[in-house]
Amino acid sequence: MLASAFNEFCPTPEAKALDLYPPALREKIDELNEWIYKDINNGVYRSGFATTQEAYDKAVRELFGALDRVEEILSQHRYLTGPCITEADIRLYTTLVRFDLVYVGHFKCNKKRIVDYPNMWGYLRDLYNTPGFGETTNRFHIEHHYQGSHIQINPKGIVAIGPDIDYSVPHDRATRFH
């Protein structure tokens, strides 16, 4: 539905032609989305809101196992399914762009940062600098919402000053995977 239902509102022919869920990749996208949601998108929350050490340890192990899996995929492809951005990339982007900003400290997902994964860090910068991603990412809101609204994790609502992250640093993903 999303591939065509709103085409009349697209400003350009390229936008109208964009299909983030192409029929030939749907099975692969669905498989990626299943474990990315469970272990990464929801994994950060299972880690951050864990109420026992056992639950936290399990969630963090699964989260970083999945991030290692993404790193391996991105060592072979520019995007998760190959040369084109799909729904799976958008689903992952929303968590990756928040990861070093808030999940590392606020949710104790600090085994590694995204900047410590060379392929994933380049991929995140690649997406951030793609039209529609960076200009719709509100770092101020991300940091202030998470750190200011979870009083069970941060009772005083103090918002950290850092980290300093520059998503505009050049990456080589376009030339590596052409």
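The structure this text deals with has already been given above.
All values reported here derive from a predicted model rather than from experimental measurement.

What counts as what
- Residues numbered from 1 in each chain as written.
- Predicted model: local features only at pLDDT ≥ 70, side-chain atom pairs only at ≥ 80, totals over all residues.
- Heavy atoms only, no water.
- Helix = DSSP H or I, 4+ residues; strand = E, 2+ residues; numbered from the N terminus.
- Buried < 20%, exposed > 50% of the residue type's maximum accessible area, 1.4 Å probe, protein only.
- Lys, Arg positive; Asp, Glu negative; His and termini not counted.
- Salt bridge = Lys/Arg side-chain N within 4 Å of Asp/Glu carboxyl O.
- Contact = heavy atoms within 4.5 Å.
- Axes fitted to C-alpha atoms, helices over the stretch in contact; angles between N-to-C directions.
- Parallel < 35°, antiparallel > 145°, perpendicular 65-115°, else oblique.
- Nonpolar A, V, L, I, M, F, W, Y, C, P; charged D, E, K, R; others polar.
- Core = buried A, V, L, I, M, F, W, Y, C linked by side-chain atoms within 4.5 Å.
- Expected span 1.5 Å × (residues − 1).
- Bend = angle between axes of the 7 residues up to and from the residue.

A. Representation of the side chain of Arg125. Following the sequence through the fold, Arg125 ends up in helix 6 (residues 118–128). The charged side chain of Arg125 is buried without a salt bridge, its nearest counter-charge being Asp172 at 6.3 Å. With residues up to four places along the chain from it excluded, the contact list for Arg125 reads Asp166, Tyr167, Val169, Pro170 and His171.

B. Here's a closer look at the packing of helix 4 (residues 53–74) against helix 6. Close contact between helix 4 and helix 6 brings their axes to 8 Å; oriented N to C, the two are set at 75°. Regarding the angle of helix 4 to helix 6, the classification is roughly perpendicular. Between helix 4, through Leu67, Val70, Glu71 and Leu74, and helix 6, the contact on the second element is made entirely by Pro118, Asn119, Met120 and Tyr123. Broken down by class, the residue content of the contact of helix 4 with helix 6 amounts to six nonpolar, one polar and one charged.

C. View of the nonpolar core. Formed by 42 residues in total, the largest nonpolar core has its most connected members in Ile40, Leu67, Leu80 and Phe99. At the level of secondary structure, the elements contributing two or more residues to this core comprise helix 2 (26–41), helix 4, helix 5 (87–106), helix 6 and helix 7 (139–149). Residue contributions to this core peak at ten residues, all from helix 5. Excluding residues that lie within four positions of it along the chain, Ile40 makes contacts with Trp35, Leu63, Ala66, Leu67, Val70, Leu92 and Thr95.

D. Inspection of unusual backbone geometry at higher detail. A cis geometry characterises the amide bond from Gly162 onward to Pro163, with omega recorded as 5°. Tracing the backbone shows Pro163 in the loop between helix 7 and helix 8 (173–176).

E. The arrangement of the packing of helix 5 against helix 6 in detail. Between helix 5 and helix 6, whose axes approach to 10 Å, the crossing angle comes to 105°. Relative to helix 6, the element helix 5 is oriented roughly perpendicular. Residues Asp89, Leu92, Tyr93, Leu96 and Val97 of helix 5 form the contact with helix 6, whose participating residues are Met120, Tyr123, Leu124, Leu127 and Tyr128. Partitioning the contact of helix 5 with helix 6 into residue classes produces nine nonpolar, no polar and one charged.

F. Main features of helix 5. Taking 1.5 Å as the rise per residue, helix 5 with 20 residues should run 28 Å; its terminal C-alpha atoms sit 27 Å apart, in good agreement. Approximately 75° is the largest bend angle found in helix 5, and it occurs at Phe99. Within helix 5, 14 of the 20 residues are buried, leaving the element largely enclosed by the surrounding structure. Looking one or two places after helix 5, you find Lys108, whose phi comes out positive at around 60°.

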